[in-house]
Amino acid sequence: MRNTLFDKSKLLLWAIGALFLAAIVWGAITLRRERAAIQLDTDKPLQVLMIFEQGGKPASTQLLMFYPAKGKSALLDIPSNMAVILTTMKRMDRIDLSYKAGNPRNFIKEVSSYLDTDIDGYVLFDESGFASIVDLLDGLPLFIPTMILKDEEPRVRLPGGAVTLDGEKAVQYLLYREETESESDTLARRQKLALALIKKISEKSFYMRERKNAAILASSFKSDLGLEARKRLLSAMSAIEADTIFLQKITGVYRSVEEQKLFFPFYDGELARDMLKQTLGAMSQATLVAPSKRVFTVEVLNGTLEKGLAARTADIFESFGYEVVSVGNAPSLDYAKTVILDRYGDKDALAGVAGVIKCEKFGEAFEYKGAIKADFTVILGSDFDGRVCVR
């Protein structure tokens, strides 16, 4: 009899413990949803991971950073084959190894840990969900240089020119890969697809005003946010100034490791983390590094005897979204201090360029005898350590 009573009391304790644990988990999920919902009403940046899934793996992952109140935003591409030390597995491998189909919780932890930033939520589009939301938005306008016909599975039939893709065609555009296309070109093309989706949401802001329409749209994708929070998120995204979205990428090199191609970010990810912090900081001041609809051009010149310094620095500026139009040597190679020549005349833009490499010396365009090639000319001096200027 005692053993029976003991067993029953033991089972009761286990049941109470299980209920308590379930309550904690549910409370954490609810708190996360509420935090993201509350964030939509605050004057702080919101970071949402946009995941486009193919066959249970992320074909494209974009970190959308934006101020709901200001409409300012940036989009950062996260390469699926990026080599990181996986905190959930205690080993180095590609970041999407932590991804579980339909449940990106561990994947998001890895992205958040690597970039050293909080991610407020995610939106997940599997192939059917992506096709559905594209059709609900009446298609995505894109420019495809030439017609694409691919007979082997999966078959691809994409028209060329300025076209509007329906849901099925948009999925084909997301998933196909040209034989001659480089990894960086593929990522850039898929990022443009995400940008087209955000722009269309912005154009369809009137559609979101109807509660029924908003609910249908919010139900077309998966998320860790509740339905009401998803509807509010879509409404906030529709207020984004789509033409000023700042496109960013993580720069690095591809290497073959154990018969697979992995992407290794420059400076072990330090550059990506700095870029993210600078972007969020600029957003808090209501200006982005590129505050206008144009992309600023940069010329990088080596004023030292260190070979390859200008080319490596050009990669840094490109990762921050600048267009580097010229790389070469300065008229002399004995610059003690790095200097930035401003031909554009925008103080905020100059501060953004200087912030990339933490340069504090500026010059006038007329001081430089060379031909004008860019909005800003960066002449690297011996105070530049390859990443930033040091005192």
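Owing to the predicted nature of the structure, the values given are computational and were not obtained by experimental measurement. (Residues numbered from 1 in each chain as written. Predicted model: local features only at pLDDT ≥ 70, side-chain atom pairs only at ≥ 80, totals over all residues. Heavy atoms only, no water.)

S.K.: Can you help me understand the overall build of the protein chain in this one?
M.R.: Across its full length, the protein chain holds 11 helices and 19 strands. Burial statistics for the protein chain: of 391 residues in total, 50% are counted as buried. Looking at the protein chain alone, contacts between residues at least 24 apart form 65% of all its contacts between residues at least 6 apart. Here the protein chain has roughly 19600 Å² of accessible surface; of this, 55% comes from carbon and sulfur atoms. (Helix = DSSP H or I, 4+ residues; strand = E, 2+ residues; numbered from the N terminus. Buried < 20%, exposed > 50% of the residue type's maximum accessible area, 1.4 Å probe, protein only. Contact = heavy atoms within 4.5 Å. Areas by Shrake-Rupley, 256 points an atom, 1.4 Å probe, with all protein chains shown as cover.)

S.K.: How should I be thinking about unusual backbone geometry in this particular structure?
M.R.: Across the chain, the bulk of peptide bonds are trans and the bulk of non-glycine residues have phi less than zero. Notably, lysine 90 is not glycine yet its phi reads approximately 60°, a positive angle. Residue position: lysine 90 is located in the loop between strand S4 (83-86) and strand S5 (91-94). Residue classification places lysine 90 among the exposed residues on the basis of a relative accessible area of 71%. Positioned with a positive phi, aspartate 268 is a non-glycine residue whose angle comes to about 55°.

S.K.: Explain the pattern of salt bridges here, please?
M.R.: Pairs may arise between side chains of opposite charge once their charged atoms sit close together. For the coordinates displayed, the defined rule picks out 14 salt bridges. Glutamate 228 is the partner of arginine 211 in a salt bridge, and the nearest nitrogen-oxygen pair spans 3.7 Å. Of the two residues, arginine 211 sits in helix H7 (residues 211-218) while glutamate 228 sits in helix H8 (residues 227-237), which places them 17 residues apart along the sequence. Arginine 211 gets classed as exposed once you look at its relative accessible area, which sits at 59%. Taken together, the shared-partner salt bridges in this structure form one network comprising Arg177, Glu181, Glu183 and Arg189. (Salt bridge = Lys/Arg side-chain N within 4 Å of Asp/Glu carboxyl O.)

S.K.: Explanation requested: the confidence of the model for the protein chain in the structure shown.
M.R.: Of the residues in the protein chain, 84% have a pLDDT of 70 or more, and the chain-wide mean is 84. Confidence drops under a pLDDT of 50 for residues 27-31, and excluding neighbours within four residues, the segment shows 0 contacts in the predicted structure. Under a pLDDT of 50 for its full length, residues 287-292 has, in the predicted model, 18 contacts with residues more than four places off or in other chains. (pLDDT = per-residue confidence, 0-100.)

S.K.: Honestly, helix H11 (residues 347-357) in this entry has me stumped. Any pointers?
M.R.: Each full turn of the α-helix corresponds to 3.6 residues, which orients residues three or four apart in the same direction. Among the residues making up H11, those that are buried are Ala349, Leu350, Gly352, Val353, Ala354, Val356 and Ile357. The opening residue of H11 is aspartate 346, an N-cap whose side-chain oxygen sits 2.9 Å from the backbone nitrogen of aspartate 348. Of the residues trailing H11, lysine 358 is marked for its positive phi of about 55°. (Polar contact = N/O pair within 3.5 Å; in protein donor to acceptor, adjacent residues only side chain to side chain.)

S.K.: What's the story with the packing of aromatic side chains in this structure? I'm lost.
M.R.: The description of an aromatic ring pair rests on the distance of the ring centres and on the angle between the ring planes. Applying the stated criterion across every chain yields a total of 9 aromatic pairs. Pairing tyrosine 254 with phenylalanine 263 gives two aromatic rings, centres 5.0 Å apart and planes at 55°, and the pair type is tilted. Residue classification places tyrosine 254 among the partly exposed residues on the basis of a relative accessible area of 27%. An aromatic cluster is present here, built from Phe52, Phe125, Phe130 and Phe221 joined pairwise through their rings. The ring of tyrosine 173 carries arginine 189 above its face, with NZ or CZ at 5.1 Å from the centroid. Over the face of the ring belonging to tyrosine 176 we find arginine 189, whose NZ or CZ atom lies 4.1 Å from the ring centre. (Phe/Tyr/Trp six-rings, centres within 6.5 Å; stacked < 30°, edge-to-face > 60°. Lys NZ or Arg CZ within 6 Å of the ring centre and 35° of its normal.)

S.K.: What is the right way to read the packing of helix H3 (residues 127-136) against helix H4 (residues 167-175) from this model?
M.R.: Angle between the axes and distance between the axes: these two values describe a pair of packed helices. At a minimum axis separation of 8 Å, H3 and H4 run at an interaxial angle of 130°. Classed by the angle they form, the pair H3 and H4 counts as oblique. Here the hand of the crossing between H3 and H4 comes out right-handed. Facing H3, whose interface residues are Glu127, Phe130, Ala131, Val134 and Asp135, H4 presents Gly167, Glu168, Ala170, Val171, Leu174 and Leu175. (Axes fitted to C-alpha atoms, helices over the stretch in contact; angles between N-to-C directions. Parallel < 35°, antiparallel > 145°, perpendicular 65-115°, else oblique. Left-handed = near helix turned anticlockwise from the far one by under 90°.)

S.K.: Honestly, the sheet that holds strand S1 (residues 46-54) in this entry has me stumped. Any pointers?
M.R.: Sheet strands line up and pair through hydrogen bonds in the backbone, either parallel or antiparallel. The sheet built from 6 strands is open, its strands ordered S11-S6-S1-S2-S3-S12 with mixed pairing. Of all strands in the sheet, those bounded by a partner on one side alone are strand S11 (222-223) and strand S12 (246-249). Relative to S12, strand S3 (residues 73-77) runs parallel, the two being bridged by 4 bridges. In the strand pairing of S12, leucine 75 is matched with leucine 247. Of the strands in this sheet, S1, strand S2 (57-66), S3, strand S6 (121-125) and S12 touch helix H5 (residues 183-203), which is tilted by about 150° from S3. (Pairing = 2+ DSSP bridges.)

S.K.: So what exactly am I meant to see when it comes to the packing of H4 against H5 here?
M.R.: It is at 9 Å that the axes of H4 and H5 come closest, and there the two elements cross at 150°. Taken together, the axis directions place H4 and H5 in an arrangement best described as roughly antiparallel. For the pair H4 and H5, contact is made by Ala170, Tyr173, Leu174 and Leu175 and by Arg189, Arg190 and Leu193, respectively. Grouping the constituent residues of the contact of H4 with H5 by class yields 5 nonpolar, no polar and 2 charged. (Nonpolar A, V, L, I, M, F, W, Y, C, P; charged D, E, K, R; others polar.)

S.K.: So what exactly am I meant to see when it comes to the environment of valine 171 here?
M.R.: The topology assignment puts valine 171 in helix H4. Beyond its immediate chain neighbours, meaning those up to four positions away, valine 171 contacts Glu127, Phe130 and Ala131.

S.K.: Just checking my understanding: could you explain the nonpolar core for this structure?
M.R.: In a soluble, globular protein the nonpolar side chains are often hidden away together inside. Ranked by size, the top nonpolar core spans 54 residues in total, and within it Leu49, Leu76, Leu115 and Phe317 carry the most contacts. Leaving out residues up to four positions away in the same chain, leucine 76 has contacts with Thr61, Gln62, Leu63, Met65, Leu115, Gln191, Gln248, Lys249, Ile250, Met275 and Leu276. By size, the runner-up hydrophobic cluster in this structure holds 50 residues, among which are Phe130, Leu175, Leu197 and Phe221. (Core = buried A, V, L, I, M, F, W, Y, C linked by side-chain atoms within 4.5 Å.)

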